Amino acid sequence: MKKYESYKITKNIWYSKIPSHWAVCKVKHIANPYAGGTPSTVKPDYWENGKIPWLPSGKLQNREIISAEKFITELGLNKSSTKWIKPNTVLIALTGATCANIGYLTFRACANQSVVAIDENNAKSYSRYLYYMFLSMRKQILTHQTGGAQAGINNEEVRNLYLLTPSLQEQTQIANYLDHKTQIIDALIEKKEHLIKKLQAQRKAIINEAVTKGLNKNAPLKDSGIEWLGIIPEHWEVVKLKQIAEAYGRIGYRGYTTSDIVGENEGAITISPSNMKGNYMTFDISTYISWEKYEESPEIKIYNDDILMVKTGSTYGKVGIVKNLKKKATINPQVLVLKSVKINSDYLYNLLRTNYIKYQIETNVIGSTIPTISQTKVLNFSFPLPPNNEIEEIINFIQIKMDIIDKTHKLIETQIKKLKSYRQSIISEAVTGKIDVRDWQPPKK
C-alpha cells in the first residue's frame, strides 16, 4: 500500500508525523463521552423481567457487541445513572482487567459506570473510523491508568485523549478498507479457534475413553452394578476415591483473614481456583499468606503431583495437578487437596476430569448462590479402576497422544497470535496515516 504524498511533523507525543492535511485533536472536540451506571442490585424490580440490554465492562472485547446477557427494567433505568446508548457507538472500558478494551455497539443498550460511550456530536467524525482509531490507542489510554487492583481511568481523561481526524470522506474510506481487511483476518482466526475447540474435544474424548474403558477394545466386559457407570472391563474394579486418596481442606481454625495476606516475598502462595488454568497450573498472579499461617496447617502444604479440586464457588469441580512448583504453597478455603494417592497421580488427575466424575459432582453439589461440594461426598465418588500395570500403559498412551495434540495446539495458537498482531498493525497503519487507502476499492464479487 502506498504512502501519502506529504507529511508534517507535530508536537504530539502520540502522533509525531501525520499526513499534511490531517489534524490532531482531543476526543472532546469531536465527541461527547459519557459513562453509564448500575441500578441497585438489591432492588429486584430494577432487574426482574427487564427488557433493556445492559452491558458490564467485561462485555468489551475489542470487537463488535452484537448481544447482551443482562437486562434491566424501565424503573431500573430511571432510578440509576445509566443511560441509553444509540447503535453504532464506540465504547471504552475504564477499569480493571478490561481497562482500555474497546467495543462497537450494534444495538441500542445501556452500560455500567465502568463503560464510557463516545457519542460523536458533529458531522466531522464517523463512528466506525473512531472504533478503529480507539483500537490503536491502547497504550495512550493506559498511561492515564491509576489505582490498585481495579486501576482505571475516568471520563475526563477520555475526553482529553488525542486522536487523528482526516476528512469525513477519508474516515469513511479508511473504515471501509479496515472492515474488509479485518473481516478476512477474523474469518481466519475463527477457523483456527474452531480447530482448537476440536483439539480440546479430541483431548477430552481420548482421556475419557482410555481411563474408563481401557486400551484393549476386545477385553471382556461386565456390568459395573451402578446404573450411571454402565459396562466396564471385566478385570477392573469399582472403587471410591477414599480408598485410594486422602482429602484435606482449609476449614475451621485453619481459615485466614485479610490480615494474614502478605507480599510476594513475605509468605507462601495460597492457591485459588484462578491458579488452575485448563490443563495446567499457573502461579504468575498469586495471593500470599504469612509463613506463620502456612506452618499452622502442614496437612495442606502443597507439593508437586498433589491433586487439587475446587469445592466451593462458581468453578466447583475444577481439577488441577501441581507440576514444577517453585515456591512453597498452600490452599485457600475454596480448594481441596488430595494426598497419599495410592495410584499414579497423573492417572487420577485425568480420571477426575471424566464424565463419570462430572456426573457425580453435579448430583452432589448444593447451594445456588455459592455452590459447594462437601469433602465427604467427594471422597465417596465412585469410578472404575484397572490394575496398576494397566494404569501405567494407559498413562503412557495418553501422554503420547497429548504431546501430539499439545504441539498442534501451540502451533495454532502461534498462528492466531500472528494474525491478531497483523490485524492490529493494519489498523494502526491506516488510522495513523502510514498508508494511503483513498484509492482502495473493494474487490468485485
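As a starting point, this report considers the structure included with it. One numbering rule holds for all chains: residues counted from 1, following each sequence as written. Only residues with pLDDT of at least 70 get local features here, since the model is predicted, and only at 80 or more are side-chain atom pairs given and counted; chain-wide, interface and lining totals rely on the full set of residues. Values reported for side chains reflect all heavy atoms of the structure, with hydrogen atoms and water molecules removed beforehand.

1. Side note on the overall build of the protein
Line of reasoning, step 1. Secondary structure counts use DSSP, requiring at least four H or I residues in a row for a helix and at least two E residues in a row for a strand, with both numbered from the N terminus. On a plain count of helices and strands, the protein comes out with 10 helices and 26 strands.
Line of reasoning, step 2. Along the three orthogonal principal directions, the C-alpha set of the protein runs to about 80 × 50 × 50 Å.
Line of reasoning, step 3. Relative accessible area decides the class of each residue, using a 1.4 Å probe on protein chains only: under 20% of the type maximum gives buried, over 50% gives exposed, and in between gives partly exposed. Classification of the 445 residues of the protein by burial places 47% in the buried group.
Line of reasoning, step 4. It only takes one pair of heavy atoms within 4.5 Å for two residues to be counted as in contact. Of the contacts formed within the protein by residues at least 6 apart in sequence, a portion of 74% connects residues at least 24 apart.
Line of reasoning, step 5. Values of accessible area rely on a 1.4 Å probe in the Shrake-Rupley scheme; residue burial ignores everything except the protein chains shown. In the structure as shown, the protein presents an accessible area of about 23,200 Å², 52% of it carried by carbon and sulfur atoms.
Line of reasoning, step 6. Counting rule for charge: Lys and Arg are taken as positive, Asp and Glu as negative, and neither His nor the chain ends is counted. By convention, charge coordinates are those of NZ in Lys, CZ in Arg, CG in Asp, or CD in Glu. Counting 60 positive and 42 negative side-chain charges, the protein places the averaged centre of each group 6 Å from the other.

2. A look at the sheet that holds strand 8 (residues 89–93)
Line of reasoning, step 1. Spatial strand order, 4-11-8-9-6: five strands in an open sheet with mixed pairing. Two strands close off the open sheet at either side, each with one partner strand: strand 4 (31–35) and strand 6 (63–65). Taken over all neighbouring pairs, the strand axes of this sheet differ in orientation by 30° on average, direction set aside.
Line of reasoning, step 2. For strand 4 and strand 11 (residues 115–120), the ladder comprises five bridges, and the chain directions are antiparallel. Following the sheet pairing, A31 is matched in strand 11 by E120.
Line of reasoning, step 3. Axis definition: a line fitted to C-alpha atoms, limited for helices to the stretch in contact. Angles are taken between N-to-C directions and run from 0 to 180 degrees. Strands strand 6, strand 8, strand 9 (102–105) and strand 11 of the sheet are contacted by helix 2 (residues 127–135), whose axis makes an angle of about 165° with strand 9. Here, any two strands with at least 2 DSSP bridges between them count as paired.

3. So, the pattern of salt bridges
Line of reasoning, step 1. One side-chain nitrogen of Lys or Arg within 4 Å of one carboxyl oxygen of Asp or Glu is enough to make a salt bridge. Here the structure, examined in full by the defined rule, presents 18 salt bridges.
Line of reasoning, step 2. Note that R203 is salt-bridged to D406, the shortest N-O span being 2.3 Å. Here the residue R203 occupies a position in helix 5 (residues 168–213), and D406 occupies one in helix 10 (residues 388–431), the gap between them amounting to 203 residues.
Line of reasoning, step 3. Of the residues examined, D406 reaches a relative accessible area of 27% and is grouped as partly exposed.
Line of reasoning, step 4. Each of E5, D436 and R438 takes part in a single network of salt bridges with overlapping partners.

4. What to know about helix 5
Line of reasoning, step 1. To estimate how far a helix should extend, the number of its residues minus one is multiplied by 1.5 Å. Along its 46 residues, helix 5 runs 65 Å from first to last C-alpha, staying within 8% of the 68 Å computed at 1.5 Å per residue.
Line of reasoning, step 2. G214 occupies a position one or two residues after helix 5 and carries a positive phi of about 85°.

5. Here we look at the pairing of strand 8
Line of reasoning, step 1. When you tally the buried positions in strand 8, you get five out of five residues, the bulk of the element.
Line of reasoning, step 2. Side chains of strand 8 alternate between two faces, with T89, L91 and A93 and V90 and I92 buried alike.
Line of reasoning, step 3. Direction of pairing for strand 8 relative to strand 11: antiparallel, over a ladder of four bridges. Bridge pairing links L91 to A117 in strand 11.

6. Things to note about the layout of surface pockets
Line of reasoning, step 1. Estimated volume of the largest pocket: approximately 1,300 Å³.
Line of reasoning, step 2. Lining of the largest pocket is provided by 39 residues; of these, G278, N279, Y280, Y349 and R353 occupy positions nearest its centre.
Line of reasoning, step 3. Breaking the lining of the largest pocket down by element, the ones donating at least two residues are helix 5, strand 19 (276–277), strand 20 (280–281), strand 23 (319–321), helix 7 (345–351), helix 8 (355–364) and helix 10.
Line of reasoning, step 4. The element that contributes the greatest number of residues to the lining of the largest pocket is helix 10, accounting for eight residues.
Line of reasoning, step 5. The definitions used throughout rest on a 1 Å grid laid over the protein atoms alone, on which a cavity is an enclosed set of points accommodating a 1.4 Å probe that cannot get out and a pocket is an open set flanked by protein within 12 Å on both sides along at least five of seven lines; lining residues are those having an atom within 4 Å of a point. Grid points are joined across faces, edges and corners, and a volume is the space filled by probe spheres set on the points. Reported here for the second largest pocket is a volume of approximately 740 Å³.
Line of reasoning, step 6. Along the wall of the second largest pocket there are 22 residues; nearest its centre are Q61, N62, R63, D186 and R423.
Line of reasoning, step 7. Of all the secondary-structure elements, those providing two or more residues to the lining of the second largest pocket are strand 6, helix 2, helix 5 and helix 10.
Line of reasoning, step 8. For the lining of the second largest pocket, the element with the highest residue contribution is helix 5, accounting for six residues.
Line of reasoning, step 9. Here the lining of the second largest pocket is composed, by residue class, of eight nonpolar, five polar and nine charged. Here the term charged refers only to Asp, Glu, Lys and Arg, the term nonpolar to Ala, Val, Leu, Ile, Met, Phe, Trp, Tyr, Cys and Pro, and the term polar to all other amino acids, Gly among them.

7. What to know about the sheet that holds strand 7 (residues 70–72)
Within a sheet, each strand pairs with its neighbour through backbone hydrogen bonds, oriented either parallel or antiparallel.
Line of reasoning, step 1. Strand order in the open sheet made by the three strands is 7-5-10, with mixed pairing throughout. Sheet topology places strand 7 and strand 10 (110–111) at the edges, where each strand pairs with a single neighbour.

8. Digging into the packing of aromatic side chains
Line of reasoning, step 1. Between the rings of Phe, Tyr and Trp (Trp by its six-membered ring), a pair exists once the centres lie within 6.5 Å; its type follows the angle of the planes, with under 30 degrees stacked, over 60 edge-to-face, and the other angles tilted. Under the defined criterion, the tally for this structure stands at nine aromatic pairs.
Line of reasoning, step 2. Each ring, one from W47 and one from W54, has its centre 5.1 Å from the other, and the planes form 85°; the classification is edge-to-face.
Line of reasoning, step 3. Overall, W54 belongs to the buried group, its relative accessible area being 5%.
Line of reasoning, step 4. An aromatic cluster is built from Y4, Y7 and W22, whose rings are joined through pairwise contacts.
Line of reasoning, step 5. Placement of a charge over a ring requires the Lys NZ or Arg CZ to be within 6 Å of the ring centre, with the centre-to-atom vector within 35 degrees of the ring normal. Across from the ring centre of Y7, 5.4 Å away, lies the NZ or CZ of K17, which sits over that ring.
Line of reasoning, step 6. The residue whose ring lies beneath R128 is Y104, and the NZ or CZ to ring-centre distance is 4.6 Å.

9. Notes on the pairing of strand 18 (residues 267–271)
A regular strand carries its side chains on alternate faces of the sheet.
Line of reasoning, step 1. The buried count for strand 18 comes to five of five residues, which makes it a mostly enclosed element.
Line of reasoning, step 2. Where strand 18 meets strand 21 (residues 287–290), four bridges bridge the pair, whose relative direction is antiparallel. When the bridges of strand 21 are listed, T270 appears paired with T287.
Line of reasoning, step 3. By the bridge criterion, three bridges tie strand 18 to strand 24 (residues 329–331) in an arrangement that is parallel. Residue I269 lies in a different strand from strand 24, and its bridge partner there is A329.

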